[in-house]
There are 2 protein chains.
Amino acid sequence: MAANILIVEDEESILELIAINLHQSGFNPVRALSAEYAEKIISNTLPDLIILDWMLPGIDGIEFARRLKTNKETKSIPIIMLTAKSQEDNKVMGLEAGADDYMTKPFSPRELVARVKAVLRRKAPDLVNEPIESGHLFLDPSQHLLQSNKKTVTIGPTEFRLLHFLMKNPNIIFNRNQILDRVWGNKSEIDDRTVDVHIKRLRDCLKGTNDHNKIETVRGMGYRFNEN
Amino acid sequence: MAANILIVEDEESILELIAINLHQSGFNPVRALSAEYAEKIISNTLPDLIILDWMLPGIDGIEFARRLKTNKETKSIPIIMLTAKSQEDNKVMGLEAGADDYMTKPFSPRELVARVKAVLRRKAPDLVNEPIESGHLFLDPSQHLLQSNKKTVTIGPTEFRLLHFLMKNPNIIFNRNQILDRVWGNKSEIDDRTVDVHIKRLRDCLKGTNDHNKIETVRGMGYRFNEN
DNA sequence: TATGATATGTCATATAAATGTCATAATTTA
DNA sequence: TAAATTATGACATTTATATGACATATCATA
């Protein structure tokens, strides 16, 4: 799922430029020309990250950041603050107000996108979907790619999600209901035992690789991905 | 990521004409009706190239170019200068002021786009639509030419753009909406499923060549061009 | 500007893949 | 060995994709 990024910037053409570049990088930009309007948007849906201009008409960026950070709902949303060079001294103030990163104008959109990714990687790794490696296994969620010893392994969607989940949480035992919740999502009128079947299918995918015995059955408890 | 191109031109209809043509060629145009406004934009975000009209109200093009070239942040941004025929003598002055290329009005949008590409090719080769080769396939966007094993392949416009996009981004999965956004442009009242049909048509074009199976369906995710 | 030729988007239907369930076999544990 | 638990193969159902046909739109050219 693409990350929703709220951009708060009063200069319309700049707002648009940032939005287009983020969009082209696979994010989902949401535009706000003022803090007031941004607040309205946030009260409907919480963005995954906010790009916030320092200077805004009405409520300014720093004030808006403070508000966000005092609100329980919004305080964990990462903020990237934009500021003009002349206000660079205010950097400390910005970071104190809760900004996670800080960019001095003028910047290239390319650089901004890079920072957005960096912040998301730190704050919400789930949204960035980084590849995972473990032993000979390499799994890239965004490309639906699984390799064992550099060789691509054919694997279906559910088995892929299942393996992804287990690899993200190595050496931890999950019972069937936990697995259903976290891999299938909450549409769980699904039978416990279905997990068994998919574990079997997953093992079949891994058969013939060096990692065929990574998924262990823990009798009476559930399943576990063994990192070693 | 597409190149961001700032157009500074006080004649609104010309500005719009240029912007539309650049957009259709895959660039991100940013509009400014005056040097003053352009400065404001630049003070926020750095474009990859600037198209600059010679005659502007207030700060004129030549003066603006000089300013850009004396500023450390902006001096490496390429500039294409636009001038009326009567001012053609000023060409030397323009180039001295730091322009990388020079166009005399009236010009055809096609020519302008060609110049933009030429300048970018020199200054930022990544941002231009060069011919692409992959396996036996050779695709030249500027000529709408597709060859497999040196033999020309008949291919329609949409299929061509689609293949171009996929070849530019090999081994990466795109879902239908991403493909619609990036191949069709933002006129997306178009049905998801239309992508399927064009993928089919594209595959039909490639049928009989050595590259007939390059386009892979990744069930539940989208499509991907396999480089190998 | 009219006309044939292309190109495009949508739909209905055909195929193919994935999913969940169940019955039964195999295993483990007490 | 019996009871409990897990593994496995088969199957019906659901879901996703491929394909052919058609109506409309666009383009080039007489």
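Residues numbered from 1 in each chain as written. Chains lettered and ligands numbered in written order. Predicted model: local features only at pLDDT ≥ 70, side-chain atom pairs only at ≥ 80, totals over all residues. Heavy atoms only, no water.

(A) Layout of the interface of chain B and chain A. Between chain B and chain A, the residue contacts involve 25 residues of the former and 21 residues of the latter. Each partner contributes to the roughly 2,100 Å² buried at the junction of chain B and chain A, and carbon and sulfur atoms together form 51% of this total. In this structure, the connection of chain B to chain A is made through two salt bridges. The closest approach of N and O atoms between R110 of chain A and D48 of chain B, which form a salt bridge, is 2.7 Å. Counting the contacts that link chain B with chain A gives eleven residue pairs in polar contact (both at pLDDT 80 or more). (Contact = heavy atoms within 4.5 Å. Buried area = accessible area lost by both parts, 1.4 Å probe. Salt bridge = Lys/Arg side-chain N within 4 Å of Asp/Glu carboxyl O. Polar contact = N/O pair within 3.5 Å; in protein donor to acceptor, adjacent residues only side chain to side chain.)

(B) Focus on the environment of E63 of chain B. On the secondary structure map, E63 of chain B appears in helix α3 (residues 61-70). Sequence separation of E63 of chain B and A35 of chain B is 28 residues, and the distance between their C-alpha atoms is 9.2 Å. (Helix = DSSP H or I, 4+ residues; strand = E, 2+ residues; numbered from the N terminus.)

(C) Main features of the protein's contact with DNA strand C. Inspection of the region around DNA strand C gives 24 residues, with T158 and R201 of chain A together with T158, T194 and R201 of chain B positioned closest. Counting only atoms of DNA strand C within 4 Å of the protein, the fraction found in sugar and phosphate groups is 63%. R201 of chain A is positioned with one of its side-chain polar atoms (N or O) 2.7 Å from a base oxygen of DNA strand C. Breaking the surface near DNA strand C down by element, the ones donating at least two residues are α7 (157-168) and α9 (194-206) of chain A together with α6 (157-168) and α8 (194-206) of chain B. Of the residues contributing to the surface near DNA strand C, the split by class is eight nonpolar, six polar and ten charged. (Near = heavy atom within 4 Å. Nonpolar A, V, L, I, M, F, W, Y, C, P; charged D, E, K, R; others polar.)

(D) Structural detail: the nonpolar core. I51 and V116 of chain A are the most contacted members of the largest nonpolar core, which has 45 residues in total. Broken down by element, this core gets its largest block of residues, six residues, from helix α1 (residues 12-24) of chain A. Apart from residues no more than four positions distant in its own chain, V116 of chain A is found in contact with I5, L22, F27, L49, I51 and I80 of chain A. Ranked by size, the runner-up nonpolar core spans 25 residues in total, among them V153, I155, F174 and F225 of chain B. (Core = buried A, V, L, I, M, F, W, Y, C linked by side-chain atoms within 4.5 Å. Buried < 20%, exposed > 50% of the residue type's maximum accessible area, 1.4 Å probe, protein only.)

(E) Just unusual backbone geometry, in detail. A cis amide bond, omega 0°, links K105 of chain A with the succeeding residue P106 of chain A. Tracing the backbone shows P106 of chain A in the loop between β5 (101-104) and α5 (109-123). Of note, N149 of chain A is a non-glycine position whose phi angle comes to about 55°, a positive value. Looking at where N149 of chain A falls in the secondary structure, it is placed in the loop between β8 (145-148) and β9 (151-152). The partly exposed category is assigned to N149 of chain A, whose relative accessible area is 38%. Phi at N171 of chain B is positive, roughly 65°, even though this residue is not glycine. By the element assignment, N171 of chain B lies in the loop between α6 and α7 (176-184).

(F) Structural view of the packing of helix α8 (residues 176-184) of chain A against α9 of chain A. All names here are of chain A. Where α8 meets α9, the closest approach of the two axes is 10 Å, and the angle between their N-to-C directions is 70°. Taken as axis vectors, α8 and α9 run roughly perpendicular relative to one another. Contact with α8, carried on its side by R176, I179, L180 and W184, involves T194, V195, D196 and H198 of α9 and no other residues of that element. Tallied by class, the residues present in the contact of α8 with α9 amount to four nonpolar, two polar and two charged. (Axes fitted to C-alpha atoms, helices over the stretch in contact; angles between N-to-C directions. Parallel < 35°, antiparallel > 145°, perpendicular 65-115°, else oblique.)

(G) Spatial organisation of the packing of aromatic side chains. Residues and elements named next belong to chain A. This model, assessed by the stated rule, comprises two aromatic pairs over all chains. Centre to centre, the rings of F165 and F174 are 4.6 Å apart; their planes meet at 50°, and the pair counts as tilted. Of the two residues, F165 and F174, neither departs from the other in class, the shared state being buried. (Phe/Tyr/Trp six-rings, centres within 6.5 Å; stacked < 30°, edge-to-face > 60°.)

(H) Looking closely at the pattern of salt bridges. Residues and elements named next belong to chain A. Overall, the coordinates contain 25 salt bridges over all chains when judged by the stated rule. Two residues, D196 and R193, come together in a salt bridge whose shortest N-O distance is 2.7 Å. By sharing partners, the salt bridges in this structure join E9, D53 and K105 into a single network.

(I) Just the sheet that holds strand β5 (residues 101-105) of chain B, in detail. Spatially, the five strands line up as an open sheet ordered β2-β1-β3-β4-β5 (chain B), and their pairing is parallel. Of all the strands in the sheet, just β2 (28-32) and β5 of chain B have a single pairing partner and so form its edges. Taken over all neighbouring pairs, the strand axes of this sheet differ in orientation by 20° on average, direction set aside. Two strands pair when backbone bridges link them, and strand β4 (residues 79-84) of chain B and β5 of chain B are joined in this way by five bridges, in the parallel orientation. Residue pairing in the sheet places T83 of chain B in a bridge with T104 of chain B of β5 of chain B. Against the sheet, α1 of chain A contacts β1 (4-8) and β2 of chain B, and its axis sits at roughly 175° relative to β2 of chain B. (Pairing = 2+ DSSP bridges.)

(J) Representation of the confidence of the model for chain A. Per-residue pLDDT for chain A averages 87, and the proportion of residues at 70 or more is 91%. Across chain A, α9 of chain A holds the top mean pLDDT of 95, while helix α4 (residues 91-97) of chain A sits lowest at 62. (pLDDT = per-residue confidence, 0-100.)

(K) Representation of the sheet that holds β5 of chain A within the structure. All names here are of chain A. Read from one edge of the open sheet, five strands run β2-β1-β3-β4-β5, paired in parallel fashion. With one partner strand each, in any of the chains shown, β2 (28-32) and β5 form the two edges of the open sheet. Here the strands of the sheet are splayed against their neighbours by 20° on average, with no regard to which way each runs.

(L) α7 of chain A, seen in detail. Residue and element names in this part refer to chain A. With twelve residues, α7 extends 16 Å from end C-alpha to end C-alpha; this agrees with the ideal 16 Å at 1.5 Å per step. The element α7 is extensively covered by neighbouring structure, given that nine of its twelve residues are classed as buried. Considered for burial, the residues of α7 that qualify are T158, E159, F160, L162, L163, H164, F165, L166 and M167. (Expected span 1.5 Å × (residues − 1).)

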